[in-house]
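Take a look at the letters that make up each chain.
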Amino acid sequence: MGIKTITLHKTVTEADTAARVGSGSLPVLATPALIAWMEEAACACCADLLEPETTSVGTEMNMRHTAASPVGMAVTVTACLTAAEGRTLTFRLTAEDAAGPIGEAAHTRAIVRAGRFMEKANAKLTP
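Overview of the structure. Starting from 1, residues in each chain are numbered consecutively following that chain's sequence as written. The model is predicted, so local features are restricted to residues of pLDDT at least 70 and side-chain atom pairs to those at 80 or more, both for listing and for counting; the totals for chains, interfaces and linings are taken over all residues. As a rule here, side-chain values come from all non-hydrogen atoms in the structure, and water together with hydrogens is ignored.

### Observations concerning the nonpolar core
For step 1, the next point in the chain: The set of buried Ala, Val, Leu, Ile, Met, Phe, Trp, Tyr and Cys residues whose side-chain atoms join them within 4.5 Å is what this entry labels a nonpolar core. Relative accessibility thresholds used throughout: buried, under 20% of the residue-type maximum; exposed, over 50%; partly exposed, between the two (1.4 Å probe, protein chains only). Ranked by size, the top nonpolar core spans 25 residues in total, and within it Leu-29, Leu-34, Met-38, Val-77 and Phe-91 carry the most contacts.
For step 2, the next point in the chain: Only α2 (31-46), β3 (74-85), β4 (88-97) and β5 (100-113) provide two or more residues apiece to this core.
For step 3, the next point in the chain: Residues contacting Leu-34, with those up to four places away along its chain left out, are Leu-29, Met-63, His-65, Val-77, Ala-95 and Ile-102. Under the DSSP-based scheme used, a helix requires at least four consecutive residues in state H or I and a strand at least two consecutive residues in state E, with every element numbered from the N terminus. Residue contacts are counted whenever heavy atoms from the two residues lie within 4.5 Å of one another.

Take a look at the structure:
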């Protein structure tokens with residue numbers, strides 16, 4: 001398998017801020033929003049590897065958010081699939097705005113059968 005890379009382009013909105021999502025009080029890109037963007041990029045990166053009726057789920061995220069991005073700032077998030085071993089996918093994720101790098105992460109996703117996964121999750125609702 002060769003290395004595969006996908007880049008997403010986002011713009012920070014009020015809805016993406018720490019003040020809005022509750023992860024802080026400032027109107028800058030929230031860490032949880034950046035993580036979501038990183039996972040979105042990873043999902044896009046591996047989408048064509050999935051068989052019908054399967055999906056990928058995040059299992060690990062080791063992330064550093066190193067610089068603030070204000071509302072209106074464009075952000076680029078890049079996912080690089082670095083390994084695919086069985087059902088385990090490993091990614092290197094980076095994010096930057098016009099001023100430079102703002103975050104990086106190592107991320108792992110597992111390929112699962114969507115129906116079976118949801119059956120197991122929903123089984124937690126019944127005693």
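### Some details on the sheet that holds β4
Hydrogen bonding along the main chain pairs the strands of a sheet, whether they run parallel or antiparallel.
For step 1, the next point in the chain: Pairs of strands are assigned from DSSP output, requiring at least two bridges between the strands. Taken in spatial order, the five strands line up as β1-β3-β4-β5-β2 in an open sheet, and their pairing is antiparallel. Of all the strands in the sheet, the pair left with one neighbour each is β1 (4-11) and β2 (54-65). Neighbour-to-neighbour, the strand axes of this sheet turn through a mean angle of 25°, independent of strand direction.
For step 2, the next point in the chain: The sheet contact formed by β4 and β5 spans 10 bridges and is antiparallel. Its bridge partner being in β5, Leu-93 is matched across the sheet by Ala-105. Fitted lines through C-alpha atoms serve as axes, helices being fitted only where they are in contact, and the angles separating the N-to-C directions of these axes extend from 0 to 180 degrees.

### Observations regarding the side chain of Ser-69
For step 1, the next point in the chain: Turning to its location among the elements, Ser-69 is positioned in the loop between β2 and β3.
For step 2, the next point in the chain: A relative accessible area of 0% places Ser-69 in the buried class.
For step 3, the next point in the chain: Within 3.5 Å is the distance limit for a polar contact, defined as a pair of N or O atoms, with the added protein rule that one can donate a hydrogen and the other accept it, and that residues adjacent in sequence qualify only through two side-chain atoms. Of note is the side chain of Ser-69, whose polar atom sits 2.8 Å from the side chain of Asp-97.
For step 4, the next point in the chain: Excluding residues within four positions of it along the chain, Ser-69 makes contact with Val-12, Val-28, Leu-29, Val-75, Asp-97 and Ile-102.

### What to know about the environment of Thr-108
For step 1, the next point in the chain: Note that Thr-108 resides in strand β5.
For step 2, the next point in the chain: Looking at Thr-108, the relative accessible area reads 17%, which means it is buried.
For step 3, the next point in the chain: For Thr-108 and Met-61, which are 47 residues apart along the polypeptide, the C-alpha to C-alpha distance reads 6.6 Å.
For step 4, the next point in the chain: Each residue touching Thr-108, except ones within four places of it in the same chain, is listed here: Val-57, Gly-58, Thr-59, Glu-60, Thr-88 and Leu-89.

### Things to note about the layout of surface pockets
For step 1, the next point in the chain: Throughout, the protein atoms alone are placed on a 1 Å grid, and a set of points is a cavity if a 1.4 Å probe fits but cannot get out or a pocket if it is open with protein on both sides within 12 Å along at least five of seven lines; lining residues have an atom within 4 Å of a point. Grid points are joined across faces, edges and corners, and a volume is the space filled by probe spheres set on the points. Of the volumes computed, that of the largest pocket is approximately 200 Å³.
For step 2, the next point in the chain: If you trace the largest pocket, you find it lined by Leu-49, Leu-50, Glu-51, Thr-54, Arg-87, Ile-111, Val-112, Arg-113, Arg-116, Phe-117 and Lys-120.
For step 3, the next point in the chain: Gly falls in the polar group here, along with every residue not listed as nonpolar (Ala, Val, Leu, Ile, Met, Phe, Trp, Tyr, Cys, Pro) or charged (Asp, Glu, Lys, Arg). Here the residues of the lining of the largest pocket are counted per class, giving five nonpolar, one polar and five charged.

### A short note on α2
For step 1, the next point in the chain: An ideal rise of 1.5 Å per residue puts 22 Å on 16 residues; α2 measures up with 23 Å between its terminal C-alpha atoms.
For step 2, the next point in the chain: Those residues of α2 that sit buried are Ala-33, Leu-34, Trp-37, Met-38, Ala-41, Ala-42, Cys-45 and Cys-46.
For step 3, the next point in the chain: Against the buried residues of α2 lie β1, β2, β3, β4 and β5. Expected span of a helix: the number of residues minus one, times 1.5 Å.

### Topic: the environment of Ala-15
For step 1, the next point in the chain: Residue placement: Ala-15 occurs in the loop between β1 and α1 (18-21).
For step 2, the next point in the chain: Overall, Ala-15 belongs to the partly exposed group, its relative accessible area being 43%.
For step 3, the next point in the chain: Once residues lying within four places of it in the same chain are set aside, the contact partners of Ala-15 are Arg-20 and Val-21.

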